[in-house]
There are 2 protein chains.
Amino acid sequence: MTSLSARDAGSRPRATMRQVAELAGVGIKTVSRVINGEPNVTPQTTQRVLDAARALDYQPDLHAGNLRRADRRTRTLGLLVGSVDNPFSGAVHRAVEDAAAERGVAVFASSLDDDPQREREAVAAFLRRRVDGLILTTATADQTYLEPELRHGTPVVFVDREPSGIETDAVVSDNAGGAARAVEHLLAHGHRRIAYLGDLHSIQTARERRRGFLDALDRAAVPADDAPVIEDLHDQGTAREALLRLLDGPNPPTAVFSAQNLITIGALHALRERGRHRDTALVGFDDVELADLLEPGVTVIAQHPEDLGRIAAERIFERLDGDDAPSQRVVVGTTLIVRGSGEIPPPGGRRT
Amino acid sequence: MTSLSARDAGSRPRATMRQVAELAGVGIKTVSRVINGEPNVTPQTTQRVLDAARALDYQPDLHAGNLRRADRRTRTLGLLVGSVDNPFSGAVHRAVEDAAAERGVAVFASSLDDDPQREREAVAAFLRRRVDGLILTTATADQTYLEPELRHGTPVVFVDREPSGIETDAVVSDNAGGAARAVEHLLAHGHRRIAYLGDLHSIQTARERRRGFLDALDRAAVPADDAPVIEDLHDQGTAREALLRLLDGPNPPTAVFSAQNLITIGALHALRERGRHRDTALVGFDDVELADLLEPGVTVIAQHPEDLGRIAAERIFERLDGDDAPSQRVVVGTTLIVRGSGEIPPPGGRRT
DNA sequence: ACTAGATTTGACATCGTTGTCAATCAGGCG
DNA sequence: CGCCTGATTGACAACGATGTCAAATCTAGT
């Protein structure tokens, strides 16, 4: 009676290799050979094993095998991004997944919301699951805590943001260069009073973009005092409010550089609300969907998240394949996409 | 000499519980107790073990433990969506991740691109990794192949699309209802010649939306012959071309219902290209970013992907907690968001 | 001082698989 | 017919952890 209790819910536990072996009337090691496509099994035996496996709906337990296997690979990768909900992260994720899928590798994804504690927890959770490698958009200021993992041989590649405190591979956008390009574009159209709307100062890319912004102004000999620099915006709402305050202030900017995709959207809202979208220039960092259909279209410095993700994943696999060259830093360029909002002239129509 | 070869690259393998036990001078089972917070260990012993674990940078191997543990839980979930790159999927993913993270569960995500073969492979890949449950937006016409997994006790929950061939939980949007609502909205504004632009006919939700569209026309006694029904569009490009053909044709529609987010974007492009965006009404299914900033704003039937994801994840966890009630079907309502494009009257200005 | 009872601890089998190695088998050759 | 060779097969240990259970230690009551 009680021996049947496993069937109570009409369910029996998943079949093991031992049960397949028993049904096929062979040894367990022979099943292992068939499942793993090892040589030296007769076609008849192979067939018997496959039939038994099918009959029992056998699925090998990758982790049990991995425990004993020599290479100790789980064929699993851990990806840490800002949020799987953000289009930029989504594109990175997709590229990583595609590169991984080609190699039969599954991807764990986790959203950090730029929270250092979440990063530490997510990394630990992935390591306990023995991922073969980590790809991360860091949220912490210092990643020294990853040092031991690197020594244990787990490859770590940074995407979008550079590592600090450890020596490891990184794939990043040309943040300072892209930001400078945006500013130069606005300067070329005659603007002198350009506002900077940026993400949390704790984020490395945000600081880089700010640096690019200020450097470009400096090179053009535009006093930075003219430029309202607003930082620590972290979503559409705060960005919108910040720009509304500027627009309602005594000396509003004639142009705006919004340094992140959600900030750009917040800025667009603020401009529309004040009806200033046709006379205030705007260049955003990172492209946004439908930007081309707005009136005016939104000029942006586009990043190439697919490239970032693809290159990062390739780097991980090269490391896993034994590449032990010194750590590399790959910079992916940005592209200025002219659509209208960045070409609006300042009120006076000043020209070079 | 050779005994040191493990350090060749300056790396030593990851520490095991045995090594922690040795360093702490205790038995391996005592380390297990400390790591898992089991009772009956003196504070001094606990401290010695924790010190040793820290010194060796010990991370328990979740999968090794799981092999022996009674509950056999990997604390891992598999999520299969259209593409992690699509905003709708991203929102579902984020909601699932949040619900999972609360419970210390990690999430594997995989993109299917509506390819049935990819679905089968991804499911197998997840099962071999012994995920505790599967949440999927199916790409196959029939999911009978999942029947054995259900019997083995792996909970499966469908999101966005309904299962076929198996009895299991599903969380879906009110596709037919939402589509009908869109059509009724356009009818109320006087339109009679409404085009339907839909996704692949093989996709269940696409068929549901088409059904809702046709039903609403039927109820209004509008002959379906008037309505150009175009299906099997699967990206922005094909949707754009299809609508361009309609607009350039002999008797163009006065209103358009685009039944998916990428199709809506393609339709928007087509309308702009022909300069018809101010006189052709448009209602899209599924909201798109920046839809409110276009001119006119894009009226949509918004889905609630966060709710779909959250409810699906909760369902999985209820099943894992032992809920064995008959499978449920949860329908999440849609919301009509009026923004302008859906309220454009037909040329004649006919009114009810 | 001695023992019952509770607390703390560790030896050992075990989970599902793969690596090692020896046993068996078929066929060919002297 | 016996022996060698190479192909085929399976017994067994091991991977890193946990469950079981008994041994060791402590506490308190007589």
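The shown structure was predicted, so the numbers you read here are calculated from the model rather than taken from an experiment. (Residues numbered from 1 in each chain as written. Chains lettered and ligands numbered in written order. Predicted model: local features only at pLDDT ≥ 70, side-chain atom pairs only at ≥ 80, totals over all residues. Heavy atoms only, no water.)

### Here we look at empty space enclosed by the protein
Residue and element names in this part refer to chain A. What the rule picks out here adds up to 5 cavities of 30 Å³ or more. In this model, the largest cavity occupies a volume close to 50 Å³. Lining the largest cavity, in full, are Leu268, Leu271, Arg272, His277, Thr280, Leu282, Pro296, Val298 and Ser341. Looking at the lining of the largest cavity element by element, the count peaks at 3 residues for helix α11 (residues 261–273). Residues that form the lining of the largest cavity fall into these classes: 5 nonpolar, 3 polar and 1 charged. (1 Å grid on protein atoms, 1.4 Å probe; cavity = no way out; pocket = protein on both sides within 12 Å on 5 of 7 lines; lining within 4 Å. Points joined across faces, edges and corners; volume = space filled by probe spheres on them. Helix = DSSP H or I, 4+ residues; strand = E, 2+ residues; numbered from the N terminus. Nonpolar A, V, L, I, M, F, W, Y, C, P; charged D, E, K, R; others polar.)

### Re the domain arrangement of chain A
Assigned domains of chain A: these are domain 1 (2–60), domain 2 (76–172 + 305–332) and domain 3 (175–304 + 336–343). Its C-alpha centre places domain 1 of chain A at a distance of 62 Å from the equivalent point of domain 3 of chain A. (Domains from an automatic or database assignment.)

### A word on the sheet that holds strand β9 (residues 281–285) of chain B
Residue and element names in this part refer to chain B. Taking strand neighbours across the sheet as the criterion, the 6 strands line up as β7-β6-β8-β9-β10-β12 in an open arrangement whose pairing is mixed. Looking at which strands have only one partner, the edges of the open sheet turn out to be β7 (229–230) and β12 (335–337). Pairing between strand β10 (residues 299–302) and β12: 3 bridges, direction antiparallel. Bridged to isoleucine 301 within β12 is leucine 336. Relative to strand β6 (residues 194–197), helix α10 (residues 236–248) is tilted by about 160°, and along the sheet it contacts β6, β7 and β8 (255–258). (Pairing = 2+ DSSP bridges. Contact = heavy atoms within 4.5 Å. Axes fitted to C-alpha atoms, helices over the stretch in contact; angles between N-to-C directions.)

### Some remarks on the interface of chain B and chain A
Taken together, the 64 residues of chain B in the interface contact 64 residues of chain A. In this assembly, chain B packs against chain A so that about 5600 Å² is buried in total across both faces, 49% of it on carbon and sulfur atoms. On the surface where chain B and chain A come into contact, there are 14 salt bridges. Between Arg14(A) and Glu149(B) there is a salt bridge; the shortest N-O distance is 3.0 Å. Taken together, chain B and chain A are joined by 36 residue pairs in polar contact (both at pLDDT 80 or more). Element by element, the count of residues in the side of chain B that touches chain A is highest for helix α5 (residues 87–102) of chain B, at 7 residues. The residue inventory of the side of chain B that touches chain A, partitioned by class, reads 25 nonpolar, 18 polar and 21 charged. (Buried area = accessible area lost by both parts, 1.4 Å probe. Salt bridge = Lys/Arg side-chain N within 4 Å of Asp/Glu carboxyl O. Polar contact = N/O pair within 3.5 Å; in protein donor to acceptor, adjacent residues only side chain to side chain.)

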